[in-house]
Amino acid sequence: MAVMDPLDPGVASGHLILSGLEKVFVTRKSSVRALDHIDLSIAPGEFVTLLGPSGCGKTTTLRIIAGFEVPTSGDVLLDGQSMLEVAPDRRPMAIVFQSYALFPHMTVWENVAFGLKQKKLPAAQLKEEVEQALTSMGLSHMRDRAPGQMSGGQQQRVALARAMVMRPKVLLFDEPLSSLDAKLRVAMRSEIRRLQRRLGITGIYVTHDQGEAMSMSDRVVVMNDGRIEQTATPVEIYRHPASVFVADFIGRANFLKVDDVHPAGDGLARVAVLGEEFDTQSAPGATLTHSVLLVRPESIRLAPVAEQGIAGRVGRVLTTVFYGESVEYVVESAQGNITAVAADPHEADILVPGTWVEVGFDRRRTWLLPAGSQGTDLADAGYRAV
């Protein structure tokens, strides 16, 4: 197969396709299938996050894209050309690592300039490109510092500048913010997304942090056990998860027992939950098997009642946790423990443990799921309220 010159500036930019990727790690005693037929198309300029628990295959996928791992089968196509025969340093890609991977004996300016020097750019062009990158990252006044003289956030910005200055077609991120404190992580999320959008570079981001995935991505790829469980926008992933695993991994979830279910047409199902019948949006196949109703904690409504005793829709507040902007409750009910979140409540309205309440929910934000969809059962998901 003919291989393109990946440094040819005339090649169209940034359409990445993963086709049938499989990866099996073999030892003398056993083999482990890390990837099981991964198919994914990423449009030029799109920012996609690979999200999932440890061992799900997201980092292996990223390493295959970068060229650090060779797939057992399948292909990585960039703008229609296979990358499998292209060495990592010849692929039009750059990667930002969790550890920054800066050269400690070089200054900020020298770190950012390193890749361009390897490309043997003319001195004047090299200087202009580096200065532009330092300015865009707010690092011009630190140009002569060594990495050891900088904070973690500053070092991460140097790593970003070093990657951006190469003007790659694809920019890869390997959990780059996991070593930063919470407040700085939020700031760096915005900075990475702003730069990626401004430059129009295709971005692939690996993380196990759902907050990062939801706040930064055009699409989220949720992975589990070497497979893709669902690829969709953050809103679709959260509101209409494809499986119990996805619903439980993205945010928090209540899975309510469904007493009766049957199709209602137009993608709806008629369900009976907590003694009431109503129509709800439904995942494909949810009416054909044992089903559960997904209700997010923020969609649960609690109203104090005089009656006592756990039955029907009446339950008792077990715990109350105040977070400032919200209050989280755990309610003991006939369906098990249910989690509810109330946003910005008045102090007088905060329910104390022991309060008897009626449990309701916003029916427009419910979603019917097959209980054991895609090989994931409710016990695996650590389910609640079923």
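Residues numbered from 1 in each chain as written. Predicted model: local features only at pLDDT ≥ 70, side-chain atom pairs only at ≥ 80, totals over all residues. Heavy atoms only, no water.

Mind showing me how you'd approach the overall build of the protein here?
Counting secondary structure elements, the protein contains 9 helices and 21 strands. For the protein, the spread of C-alpha atoms along the three principal axes comes to 80 × 50 × 45 Å. Between the mean site of the 39 positive side-chain charges and the mean site of the 45 negative ones, the protein shows a separation of 7 Å. (Helix = DSSP H or I, 4+ residues; strand = E, 2+ residues; numbered from the N terminus. Lys, Arg positive; Asp, Glu negative; His and termini not counted. Charge placed at Lys NZ, Arg CZ, Asp CG, Glu CD.)

Before we go on, may I ask you to explain the sheet that holds strand 7 (residues 170-174) in this structure?
Strand order across the open sheet formed by 6 strands is 6-7-8-3-9-10, with mixed pairing between neighbours. Looking at strand neighbours, the two that pair on one side only are strand 6 (93-97) and strand 10 (227-232), the edges of this open sheet. The average undirected angle you get between the axes of adjacent strands in this sheet is 20°. Where strand 3 (residues 47-51) meets strand 9 (residues 219-224), 4 bridges bridge the pair, whose relative direction is parallel. (Pairing = 2+ DSSP bridges. Axes fitted to C-alpha atoms, helices over the stretch in contact; angles between N-to-C directions.)

Quick question: what am I supposed to make of the side chain of E129 here?
Tracing the backbone shows E129 in helix 3 (residues 123-136). Taking the relative accessible area as the measure of exposure, E129 reaches 16% and is therefore buried. The residues contacting E129, other than those within four sequence positions of it, are L116, L121, V165 and R167. (Buried < 20%, exposed > 50% of the residue type's maximum accessible area, 1.4 Å probe, protein only. Contact = heavy atoms within 4.5 Å.)

It is not clear to me how the nonpolar core should be interpreted in this structure. Could you clarify?
Nonpolar side chains tend to gather and get buried jointly when the protein is soluble and globular. V112, V130, L139, L160, L171, F173 and I192 are the most contacted members of the largest nonpolar core, which has 36 residues in total. Looking at this core, the elements that each hand over two or more residues are strand 6, helix 2 (108-118), helix 3, helix 4 (152-164), strand 7 and helix 5 (182-199). If one sorts the elements of this core by residue count, helix 4 sits on top with 6 residues. Ignoring anything within four residues of it in the chain, the contact list for L139 reads L134, M150, Q154, R157, V158 and A161. (Core = buried A, V, L, I, M, F, W, Y, C linked by side-chain atoms within 4.5 Å.)

Help me out: how do you make sense of the side chain of D362 in this one?
Inspection of the secondary structure puts D362 in the loop between strand 20 (356-361) and strand 21 (367-370). In contact with D362, not counting residues within four places along its chain, are S299 and R301.

Can you walk me through helix 1 (residues 58-66) in this structure?
Because an α-helix completes one turn every 3.6 residues, residues spaced three or four positions apart along the sequence face the same direction. Of all 9 residues in helix 1, 7 are buried; the element is thus mostly enclosed. K58, T60, T61, L62, I64, I65 and A66 are the residues of helix 1 that are buried. In the stretch just after helix 1, G67 is the one whose phi turns positive, near 95°.

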